[in-house]
Protein chains: 2
Amino acid sequence: MSKFAKPPSRSASKLPARKRAARPSVVPRAAKGRTATSPKTYHHGDLRRVLIAAALELAEEGGADAVSVREAARRAGVSPGAPFRHFPSRNDLMSAVAEEAQRRFRVSIAAAIAGTSADDPLARFRAFGMAYMRWAMTNPAHFEVISSGKYFSHDQSEALREDNDELIAMTEQLLMDALAQGQLRSSDLRVIKIAGRALVYGFARMKIDGHFPRWGVADAEADQMAEAIITLFVDGIARPV
Amino acid sequence: MSKFAKPPSRSASKLPARKRAARPSVVPRAAKGRTATSPKTYHHGDLRRVLIAAALELAEEGGADAVSVREAARRAGVSPGAPFRHFPSRNDLMSAVAEEAQRRFRVSIAAAIAGTSADDPLARFRAFGMAYMRWAMTNPAHFEVISSGKYFSHDQSEALREDNDELIAMTEQLLMDALAQGQLRSSDLRVIKIAGRALVYGFARMKIDGHFPRWGVADAEADQMAEAIITLFVDGIARPV
DNA sequence: CGTGAATGTAATCACTGATTACACAATTGA
DNA sequence: TCAATTGTGTAATCAGTGATTACATTCACG
């Protein structure tokens, strides 16, 4: 990928790299308390978490494909083989990154929904869709890792599947409530569900995949365009008054 | 990428590899006619096209990320450095692949639209959407190359941008006609355009990105689901009778 | 026929993910 | 207290990849 496009650099590595010259002797061992934030020992102490954080950072900087195990190790100040202890493969690291991202995603969505009235399911559905698109546009790299589906298998992670299933169940519940309150024109909730998902997912990906310029959508108006298409869709499925 | 996940193979290369042992001497030079299908000379004669074809093939086999310049060269029976003459970088190769794929895409769409009556713009709009989703689902790898937007820049290729602009213009024209005939509920064509695009693009990507299982859509019913969501959408934007 | 432009080869380089043997540290149990 | 076990990081290595250069060959055109 893009990692190969920058040969004349990197050799004089960025971060301090934590000199590793006089090694064979004993290690500083200064802070012995391992409160999850004490480096400088032979054993890192919190490598797993730091690697995930570094990977997230890399994804933010150059997209999901720019995440490399070695660079993550480098940023953690650790040898290239060290991550192997925690993640047998790059995909396992990406999977962990996805778990973290998905967790944040779910929290964000839940918060948005909580801020709306339970009396109006369709309004909640709208808010759901908007929160979905907003988060995706605000965290493009994370969203890409979650959704692109080529960095990991959903069967691998229990947490990942659970978080996802919860979002789907939430969608279904909102639609059932809306139908029960006579807010919907059609009763084929399954189709509405898939269509709604396709709409918000498609919009989010259009942004992430860089389609907006071609389609004449300025970044500054992305949010209001999201509002507009949600309105169009919801008005389309709502029972006319 | 996934290329790294298969170390114990590939060494005993697949295809015949066209033995390259006794090289320093003169080359067969049998068929001298260069009708675009005569190999066996020092100069390949049609490398560019063959490389694109090989790349398309690789994309079909293992997704867009599985495309490697070296493997394409290998399949073309040529040294790893040869493609450089035709494509300065991997992205340039991918760009050419995208051009080819986009051309096929446009042809397919145009054919589908041509098979509908010009008297009913909204029906054409529907057919457009269906053709879009069908092609994407039938040619997932090609579609990914075209749309993922990380293999090339749209500014690079004139043909690419033209083909794309034509599809967008087609969408706009159909909507204008539909509005003129009083088929639409709303007159905000821009929003309808973006929403429609997000819908079909999102559905196509859901399929390609492997979201269907999680959302309970079986592959066998993908086509009819596509019909259903298009119907839902079009009914939603159509003026009620 | 011969010369220059195209085009392929060979050989490198830096980078990546993966994997092993080894070194060191932390924990545990007697 | 101290040895053994278990966990965790290091060093070294391998094959694959994109990129780039110097060199070889061929083709096309004058």
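That block above? That's the structure.
Attention in this report is confined to the structure presented alongside it. Note that this is a predicted model, so its numbers are computed, not measured.

Moving on, we come to the nonpolar core. If you look at the biggest cluster of nonpolar residues, it comprises 95 residues, and the most contacted ones within it are Met-133, Phe-203 and Ile-229 of chain A together with Phe-203 and Ile-229 of chain B. Look past the residues within four positions of Ile-229 of chain B in its chain and what remains in contact with it is Val-191, Ile-194 and Ala-195 of chain A together with Met-133, Leu-199 and Phe-203 of chain B.

At the junction of the two partners, chain A supplies 44 residues and chain B supplies 45 residues. At the boundary of chain A with chain B, total buried surface from both sides reaches about 4,100 Å², with 64% on carbon and sulfur atoms. Three residues stand out in chain A for area buried against chain B, namely Arg-214, Trp-215 and Leu-232 of chain A, and they jointly supply 19% of the buried area on that side. At the boundary of chain A with chain B, the tally comes to eight salt bridges. Taking the shortest distance from any N to any O, the salt bridge between Asp-65 of chain B and Lys-150 of chain A comes out at 2.9 Å. Counting across the interface, chain A meets chain B through 14 residue pairs in polar contact (both at pLDDT 80 or more).

Placing chain A over chain B gives an RMSD of 0.0 Å and needs a rotation angle of 180°, together with 0.0 Å of translation along the axis. This pairing of chains is accounted for by a two-fold axis.

Compared with an ideal rise of 1.5 Å per residue, which puts 18 residues at 26 Å, helix 4 (residues 121-138) of chain A spans 25 Å between its outermost C-alpha atoms and is within 8% of the ideal. Judged by how many residues are buried, helix 4 of chain A sits mostly within the fold: 14 of 18 residues are covered.

To continue, consider the environment of Gly-81 of chain A. Residues and elements named next belong to chain A. Checked against the element boundaries, Gly-81 lands in the loop between helix 2 (69-75) and helix 3 (90-114). Taking relative accessible area as the criterion, Gly-81 reaches 46% and is therefore assigned partly exposed. Sequence-wise, Gly-81 and Val-69 are twelve residues apart; in three dimensions their C-alpha atoms are separated by 9.0 Å.

Quick notes on the rules
- Residues numbered from 1 in each chain as written.
- Chains lettered and ligands numbered in written order.
- Predicted model: local features only at pLDDT ≥ 70, side-chain atom pairs only at ≥ 80, totals over all residues.
- Heavy atoms only, no water.
- Core = buried A, V, L, I, M, F, W, Y, C linked by side-chain atoms within 4.5 Å.
- Buried < 20%, exposed > 50% of the residue type's maximum accessible area, 1.4 Å probe, protein only.
- Contact = heavy atoms within 4.5 Å.
- Buried area = accessible area lost by both parts, 1.4 Å probe.
- Salt bridge = Lys/Arg side-chain N within 4 Å of Asp/Glu carboxyl O.
- Polar contact = N/O pair within 3.5 Å; in protein donor to acceptor, adjacent residues only side chain to side chain.
- Least-squares fit on C-alpha atoms with pLDDT ≥ 70 in both.
- Helix = DSSP H or I, 4+ residues; strand = E, 2+ residues; numbered from the N terminus.
- Expected span 1.5 Å × (residues − 1).

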